[in-house]
Amino acid sequence: DAGVIQSPRHEVTEMGQEVTLRCKPISGHNSLFWYRQTMMRGLELLIYFNNNVPIDDSGMPEDRFSAKMPNASFSTLKIQPSEPRDSAVYFCASSTRRGPGELFFGEGSRLTVL
Amino acid sequence: DAKTTQPNSMESNEEEPVHLPCNHSTISGTDYIHWYRQLPSQGPEYVIHGLTSNVNNRMASLAIAEDRKSSTLILHRATLRDAAVYYCILRPAYGQNFVFGPGTRLSVLP
């Protein structure tokens, strides 16, 4: 079975450029999460969706960040314009909403903003 | 959000059991206890979860205190591949706030 698929795995860009990270959740999962991980702040929950609807985006750092989930099999996290402090590993995870709902993570997208 | 506290780091010798503690004194009656681990340069992976009773799976065992205010993840025979950061989190039954703390960094010595 395919797990959570993220792309790109690595992205290097210059300050001011737009960055789009992509995620395909596990088929049948109806909750999707975006996390950011840095050495200083650990794993931070940015936003999560239930049934394609954003439920809590209180972790999104600022207006430069936006996330969408146009259908059950695809989500994007966009940063525009990017800044060096956005450099981090961004993880997408999915789960079922019912029951214990264990999280399944993708391999992450490592973003470097120069 | 419900919070958990874990030791920052622990060490174990290879092939010995490891007991990783977690305190969650503010747990509510419907919170699931989840454990995840993150190997170097990988995303976190699910290890085990429980609600009230102790649980076993192929990776580990989870011992839950009777009052549910603490739990212990047990690795029966640590291997070098078990060196990772282990996270204990609470998952509300009616919410999806999977909030990760700093976890416990486990070192396994050969």
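Residues numbered from 1 in each chain as written. Chains lettered and ligands numbered in written order. Predicted model: local features only at pLDDT ≥ 70, side-chain atom pairs only at ≥ 80, totals over all residues. Heavy atoms only, no water.

Caption draft 1: View of the overall build of chain A. Along the backbone of chain A there are zero helices and 11 strands. Along chain A, helices and strands appear, N-terminal first, in the series β-β-β-β-β-β-β-β-β-β-β. Here the C-alpha radius of gyration of chain A, 13 Å, is about what a compact globule of 114 residues would show, namely 13 Å. Each of the three principal axes of chain A carries a C-alpha extent, and together these read 40 × 30 × 25 Å. Out of the 114 residues in chain A, the part that is buried amounts to 46%. Positive and negative side-chain charges in chain A, numbering 12 and 13 respectively, have mean positions lying 3 Å apart. (Helix = DSSP H or I, 4+ residues; strand = E, 2+ residues; numbered from the N terminus. Rg over C-alpha atoms; globule rule 2.2 N^0.38 Å. Buried < 20%, exposed > 50% of the residue type's maximum accessible area, 1.4 Å probe, protein only. Lys, Arg positive; Asp, Glu negative; His and termini not counted. Charge placed at Lys NZ, Arg CZ, Asp CG, Glu CD.)

Caption draft 2: Structural view of the interface of chain B and chain A. If you look at the interface, chain B gives 15 residues, while chain A gives 20 residues. Counting across the chain B and chain A interface gives zero salt bridges. Taken together, the links from chain B to chain A amount to three residue pairs in polar contact (both at pLDDT 80 or more). Sorting the residues of the side of chain B that touches chain A by element identifies strand 3 (32-38), strand 4 (45-50) and strand 8 (84-91) of chain B as the ones contributing at least two each. Here the element with the most residues in the side of chain B that touches chain A is strand 3 of chain B; it accounts for four residues. By residue class, the composition of the side of chain B that touches chain A is seven nonpolar, seven polar and one charged. (Contact = heavy atoms within 4.5 Å. Salt bridge = Lys/Arg side-chain N within 4 Å of Asp/Glu carboxyl O. Polar contact = N/O pair within 3.5 Å; in protein donor to acceptor, adjacent residues only side chain to side chain. Nonpolar A, V, L, I, M, F, W, Y, C, P; charged D, E, K, R; others polar.)

Caption draft 3: Region of the structure containing the sheet that holds strand 5 (residues 55-56) of chain B. Residues and elements named next belong to chain B. Within the open sheet, the four strands sit side by side as 2-7-6-5. Their pairing is antiparallel. Two strands lie at the open edges of the sheet, namely strand 2 (18-23) and strand 5, each paired on one side alone. With four bridges connecting them, strand 6 (residues 61-64) and strand 7 (residues 70-75) associate as antiparallel partners. Residue Ile64 lies in a different strand from strand 7, and its bridge partner there is Ser71. (Pairing = 2+ DSSP bridges.)

Caption draft 4: Seen up close, the sheet that holds strand 3 (residues 19-24) of chain A. All names here are of chain A. Strand order in the open sheet formed by four strands is 1-3-8-7, and the pairing between neighbours is antiparallel. Of all the strands in the sheet, the pair left with one neighbour each is strand 1 (5-7) and strand 7 (65-71). Going from strand to strand, the sheet's axes swing by 15° on average, the running direction of each strand aside. The pairing of strand 1 with strand 3 spans three bridges and is classified as antiparallel. Looking at strand 3, one finds that Ile5 is bridged to Lys24. (Axes fitted to C-alpha atoms, helices over the stretch in contact; angles between N-to-C directions.)

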